[in-house]
Structure formats: structure tokens, C-alpha cells
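Observations on chain architecture
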Amino acid sequence: MKIINSLSNVAVKDLVRLKKTGERKKSGLIIVDGWREIKLAIEFGWEVFEIFYCSGFDKKNKKNEDGIFFQKEIKTTEVSREVFIKICYKDKPDGFLAIIKSRESYLKDIKLVDELPVVVLENIEKPGNLGAIIRTCAAVGVAAIIINDNQTDVYNPNVIRASEGQIFTQTLIKASAEETRKWLKANKIKSFAAATSGSQAYTSVDLSGLVAIVLGSEANGLSSEWLSGADKLIKIPMLSGIDSLNVSVAAAIILFETLRQKRLKLK
């Protein structure tokens with residue numbers, strides 16, 4: 001295994017460039033920082049081009065765990081501590097960083113099984129919020145996450161980090177609001193949009209079947225397209241003086257209600 005010690009190495013410069021959204025989109029490559037995240041990507045069949053490894057950060061000798069590098073025949077390059085600090089994204093790295101090919105999925109790729117809910121996100125701006133929602137979707141179980149009018153790169157390292165790598169386990173689709181509504185209608189999926197103007201509490205509607213939960217940005221909420229185009233507007237009751245929640249918190253509250261209702265229905 002070769003070892004890279006120089007910060008001026010071409011591979012190091014290429015990795016640093018991948019920290020920029022434009023470069024990721026241009027190359028179709030993403031950087032994934034962390035053993036857990038890389039392992040999930042491998043387990044779910046993502047194409048891993050190369051793993052960069054620094055033994056100075058690997059406290060548990062994960063390099064040989066499951067023999068994963070050797071089983072998958074993945075190119076592995078060892079780097080110095082100084083180089084790894086330059087290329088990594090986490091504040092407390094574990095010594096593993098990979099270059100992985102991004103994926104593009106479409107509405108036709110969604111598999112509707114077991115009446116799992118669909119999540120629609122419109123104008124989500126903060127990578128941390130998007131990542132947290134993806135992590136919640138993995139915990140609850142959803143058919144897909146459809147992103148309308150995307151305001152953040154879904155492969156932003158902060159999205160990957162906040163999702164704890166669960167982005168690699170989920171089906172993410174980019175589509176317009178109009179395309180999404182047509183697809184929902186064609187598949188007979190009822191849409192419930194979260195809004196402060198909602199007429200019913202999220203607990204008082206039937207979310208146990210095949211439904212779509214639609215959420216908008218914290219700053220602007222949902223567009224008029226969704227406010228008038230959703231089948232029903234629902235709300236999370238809050239005490240006087242509070243009119244909104246962090247969108248990732250709102251998503252968790254409503255999605256776990258879909259799971260609760262589904263379990264009750266199965267009893």
C-alpha cells in the first residue's frame with residue numbers, strides 16, 4: 001500500500017476540491033468521511049472508488065474489521081496524519097475517507113411496498129436538517145424521500161454526517177412539485193402537508209396507509225402550490241406564542257405517528 005505524505009500531492013488536491021458543491025456535481029463523485037458511513041455505502045451497493053486511511057486516528061483497528069477492504073477489492077491508500085486532517089471533514093475524524101460515485105434516482109424507481117409512507121421535502125435549506133430527516137426516515141421506514149426545489153446539495157458532507165450515513169440506505173428523488181403531485185395521484189397516494197394553517201392535528205387523521213408527508217422550509221414553510229395542492233393540511237398543536245418547529249423535529253413527530261398508527265392497525 002502506498003503512503004501519501006505530501007499536501008501538494010495531486011490526489012490530495014483533488015479530494016480538497018470535492019469539498020465544493022460545484023466540483024461534486026461536475027465529477028459525479030462525493031467524499032464520505034467516517035468508517036460507519038463508508039461501511040453503509042458498501043453494504044448498500046454504492047460504487048466506492050478509493051478509501052484513504054490514516055492509522056493515527058483508527059483507535060479500534062477498524063481497517064481489518066470484517067476484512068471489508070479485501071473482500072470488496074477496494075483500492076486503499078494510506079496517508080499521513082497531516083494529509084488526513086487536510087482532506088477530512090469531521091472535527092473528530094476516525095481515519096477513514098472514501099471517494100464514492102453519486103447516484104441519480106427518479107420517481108419511476110420508487111418501490112411502494114408495505115404501505116410505507118413517502119416523504120416530500122420542499123426548499124429545505126440547511127444540510128443538517130436534511131441529514132437529520134433522512135436519519136429519521138431510516139428509523140421509521142419510508143418508501144422514498146422526494147426533494148422539491150432543492151436548496152442544498154444532498155451529498156453535502158454535512159448531510160451525510162447528520163444522517164449518520166443513512167443517506168446510503170434511502171431512495172432520494174429530485175422532482176418538481178408538479179411532477180410529485182402527478183406521481184402521487186397516479187399511485188393513489190394521499191398527501192398530508194404540514195402547515196400552521198392546517199385544519200386538523202396530525203394525530204386526528206389516518207396516516208396508517210400509503211400516504212405522503214409534505215414538509216417545507218422553516219423560513220418560508222410550504223409554497224402556495226402545496227398549500228392548495230395537498231389533499232389535506234395538518235398541523236402539530238403548539239402552545240400559544242410558538243408557531244413553528246425545526247423542520248427535522250416536525251418530520252420526526254409526524255413520521256413516528258405514521259409508524260404508531262400502522263402498528264395499531266396491525267394488532
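The structure under discussion appears in the preceding block.
This section reports on the structure supplied with the text. (Residues numbered from 1 in each chain as written. Predicted model: local features only at pLDDT ≥ 70, side-chain atom pairs only at ≥ 80, totals over all residues. Heavy atoms only, no water.)

1. Some remarks on the sheet that holds strand 4 (residues 75-79)
- With mixed pairing, the five strands of this open sheet are ordered in space as 1-4-3-5-2. Two strands lie at the open edges of the sheet, namely strand 1 (3-4) and strand 2 (29-33), each paired on one side alone.
- Across two bridges, the pairing between strand 1 and strand 4 is parallel. Bridge pairing in strand 4 links I3 to E78.
- Across the face of the sheet, helix 3 (residues 35-43) comes into contact with strand 2, strand 3 (48-53) and strand 5 (96-101) while running at roughly 30° to strand 5. (Pairing = 2+ DSSP bridges. Helix = DSSP H or I, 4+ residues; strand = E, 2+ residues; numbered from the N terminus. Contact = heavy atoms within 4.5 Å. Axes fitted to C-alpha atoms, helices over the stretch in contact; angles between N-to-C directions.)

2. A closer look at the sheet that holds strand 12 (residues 232-235)
- Sheet architecture is open: seven strands sit in the order 8-7-6-11-9-12-10, paired in parallel fashion. Strand pairing shows two members of the sheet lacking a second neighbour, strand 8 (172-174) and strand 10 (200-201), which therefore form its edges.
- With three bridges connecting them, strand 9 (residues 190-194) and strand 12 associate as parallel partners. Looking across to strand 12, one finds that A194 is bridged to I234.
- Against the sheet, helix 8 (residues 177-186) engages strand 6 (118-122), strand 7 (144-148), strand 9 and strand 11 (211-215), with an angle of about 145° to strand 7.
- Each of strand 6, strand 9, strand 11 and strand 12 is contacted by helix 10 (residues 247-266), which is oriented at about 165° to strand 11, the strand it contacts most.

3. Concerning helix 10
- The end-to-end C-alpha distance of helix 10 is 29 Å, a good match for the 28 Å that 20 residues give at a rise of 1.5 Å each.
- Burial in helix 10 covers these residues: V247, S248, A250, A251, I254, L255, E257, T258, L259, Q261 and K262.
- Contacts made by the buried residues of helix 10 are with strand 6, helix 6 (127-140), strand 9, strand 11 and strand 12. (Expected span 1.5 Å × (residues − 1). Buried < 20%, exposed > 50% of the residue type's maximum accessible area, 1.4 Å probe, protein only.)

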